Amino acid sequence: MTRIFALGPVDQPVAPVVWANPHLAGVTLGASWAAVNPTQGHYDWSVLDAGVAAAKAAGKRVMVCISPGVRAPAWLYSIGAAGLDLSWWLGWGPKIGSLVRRPLPWDTVALQQWGACVAALLAHYAGNATVEGYKVTGAVNCQTSELDLHWDRGATTPEIDPLTAWHVVGYRPSLVSAAWGSVLRAWSAEKTKTLTIMVGGWGLPPIDDAGHRTGNPHGDGDLRRALMAQARSAL
């Protein structure tokens, strides 16, 4: 049976007209890591809770998606997480051309704090029948919940393209794979709800484990497939 879920806004309430749509089975509720985890060890689920309550009242279900990457909290860097600044190039969000930071996927501080956030999220909605499941996110998300590390557009300065920037900070597929393994271990604690992953076709830098650029204009498809294989095994 096919069911349709609407994609809700991030950190904003879903419009009443969406809940009233009889053709929708539910809505994906979006929130930024910064919004739900405003300070280290403290969580604010209020926007998501309001969406869950609205869904229940409308007789619908929700998927929950927490976006990390550029939506990571600022305090993360103050406790030692390493980040990478890349210029913004999309038509939504920050000013185009402004530098926006995201944690390095393999940074241990960021991975530890993300794991804590996931654990808190799963505990908060444990047993809540309105919450059907979650989008698996963490480490390998840059702008959205898709597997995407932003390497083919924008620049850190007029002289440095994003692919070079990833190369400079030591990007290696093996580091990304290990980080993804940490993310999957956090989400694998969920045993009863649906877990989904959004996969794009372009999102991983074409750099091999020797640090060489492969030249593939479509990104590292081998790593993308390997990450999916990891997910199938772990979840």
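Look a little higher up for the structure.
Within each chain, residue numbers correspond to sequence positions counted from 1 in written order. Totals for whole chains, interfaces and linings use all residues, but because this is a predicted model, local features are given only for residues with pLDDT of at least 70 and pairs of side-chain atoms are given and counted only at 80 or more. Note: side-chain values were computed over all heavy atoms of the structure, leaving out hydrogens and water.

Colleague: When you look at the nonpolar core in this model, what are you seeing that I'm missing?
Modeller: Nonpolar side chains tend to gather and get buried jointly when the protein is soluble and globular. Nine residue types can take part in a nonpolar core, namely buried Ala, Val, Leu, Ile, Met, Phe, Trp, Tyr and Cys, and a core is a set of them joined through side-chain atoms within 4.5 Å. Relative accessibility decides the category of a residue: with a 1.4 Å probe and only protein chains considered, values under 20% of the type maximum give buried, values over 50% give exposed, and everything between is partly exposed. Ranked by internal contacts, the top residues of the largest apolar core, which has 59 residues, are Leu48, Trp166 and Trp180. Only runs of H or I of at least four residues qualify as helices and only runs of E of at least two qualify as strands under DSSP, and these elements are numbered from the N terminus. Per-element accounting of this core gives the leading share, 8 residues, to helix α5 (residues 108–124). For this analysis, residues touch if any pair of their heavy atoms sits within 4.5 Å. Every residue in contact with Trp180, bar those within four places of it in the chain, is listed here: Val136, Gly138, Val140, Leu147, Ile197, Leu227, Met228, Gln230 and Ala231.

Colleague: Would you mind showing me how to read the pattern of salt bridges here?
Modeller: Here the idea is simple: oppositely charged side chains can pair when their charged atoms come close. Here, a salt bridge means any side-chain nitrogen of Lys or Arg that lies within 4 Å of a carboxyl oxygen of Asp or Glu. For the coordinates displayed, the defined rule picks out 4 salt bridges. A salt bridge links Arg61 to Glu132, with the nearest nitrogen and oxygen atoms 3.9 Å apart. Here the residue Arg61 occupies a position in strand β3 (residues 61–67), and Glu132 occupies one in strand β6 (residues 131–135), the gap between them amounting to 71 residues. The class of Arg61 is partly exposed, set by a relative accessible area of 34%. Glu132 sits in the buried class, given a relative accessible area of 14%. A single salt-bridge network, built from bridges that share partners, covers Arg3, Arg61 and Glu132.

Colleague: Could you clarify how one ought to interpret the packing of helix α7 (residues 173–187) against helix α8 (residues 221–234) in this entry?
Modeller: Angle between the axes and distance between the axes are the two parameters that describe a pair of packed helices. Axis separation between α7 and α8 bottoms out at 10 Å; the angle between their running directions is 25°. Classed by the angle they form, the pair α7 and α8 counts as roughly parallel. The two elements α7 and α8 meet at a crossing, and its hand is right-handed. Contact residues: Pro173, Val176, Ser177, Trp180, Gly181 and Leu184 in α7; Leu223, Leu227, Met228, Gln230, Ala231 and Ala234 in α8. By residue class, the composition of the contact of α7 with α8 is 9 nonpolar, 3 polar and no charged. In this analysis, axes come from line fits to C-alpha atoms, helices being fitted only over the stretch in contact, and the angle between any two N-to-C directions falls in the range 0 to 180 degrees. Angle categories: roughly parallel below 35 degrees, roughly antiparallel above 145, roughly perpendicular from 65 to 115, and oblique for all the rest. Rotating anticlockwise by less than a right angle from the far helix to the near helix defines a left-handed crossing, while the corresponding clockwise rotation defines a right-handed one. Under the scheme applied, nonpolar residues are Ala, Val, Leu, Ile, Met, Phe, Trp, Tyr, Cys and Pro; charged residues are Asp, Glu, Lys and Arg; polar residues are all the others, including Gly.

Colleague: Looking at this model, I keep getting lost on the packing of α5 against α7. Mind explaining?
Modeller: Their axes nearest at 9 Å, the elements α5 and α7 cross at an angle of 20°. Classified by the angle their axes make, α5 and α7 are roughly parallel. In terms of crossing hand, the pair formed by α5 and α7 is right-handed. Facing α5, whose interface residues are Leu111, Trp114, Gly115, Val118, Leu121 and Leu122, α7 presents Ala179, Ser182, Val183, Ala186 and Trp187.

Colleague: Hey, could you run me through unusual backbone geometry in this one?
Modeller: If a residue is not glycine, its phi is most likely negative; likewise, a peptide bond is most likely trans. We note that Ala139 has phi near 70°; this positive angle belongs to a residue other than glycine. Mapped onto the fold, Ala139 is located in the loop between β6 and β7 (146–147). Positive phi, close to 50°, is recorded for His150, a residue that is not glycine. If you trace the backbone, His150 turns up in the loop between β7 and α6 (162–168).

Colleague: What exactly am I supposed to notice about the environment of Leu121 here?
Modeller: Tracing the chain through its elements places Leu121 in helix α5. A relative accessible area of 2% means that Leu121 is categorised as buried. Measuring from C-alpha to C-alpha, the distance between Leu121 and Tyr134 comes to 9.7 Å, with 13 residues separating the pair along the chain. Discounting residues that sit within four places of it in the chain, Leu121 has contacts with Trp45, Leu48, Val64, Ile66, Tyr134 and Trp187.

Colleague: Please explain empty space enclosed by the protein as it appears in this structure.
Modeller: Leftover empty space is mapped by rolling, across the atoms, a probe with the size of a water molecule. Using a 1 Å grid laid over the protein atoms alone, points where a 1.4 Å probe fits but cannot get out form a cavity; open sets with protein on both sides within 12 Å along at least 5 of 7 lines form a pocket; any residue with an atom within 4 Å of a point counts as lining. Grid points are joined across faces, edges and corners, and a volume is the space filled by probe spheres set on the points. One pass over the structure, following the stated rule, counts 1 cavity of 30 Å³ or more. Considering only enclosed or pocket space, the largest cavity measures out at about 120 Å³ in volume. Together, 13 residues line the largest cavity, and Trp33, Pro68, Gly69, Pro103 and Ala139 are the ones closest to its centre. Among the elements of the structure, β5 (99–103) and α5 are those that each provide at least two residues to the lining of the largest cavity. With 3 residues, the single largest contributor to the lining of the largest cavity is α5. Its residues assigned to classes, the lining of the largest cavity shows 10 nonpolar, 2 polar and 1 charged.

Colleague: Mind showing me how you'd approach the environment of Pro205 here?
Modeller: You can see Pro205 is positioned in the loop between β9 (198–199) and α8. For Pro205, a relative accessible area of 0% translates into the label buried. Here the alpha-carbon distance between Pro205 and Thr194, two residues 11 residues apart in the chain, equals 29 Å. In this structure Pro205 touches Leu149, Trp151, Leu163, Trp166, Tyr171 and Asp220, once residues within four positions along its chain are discounted.

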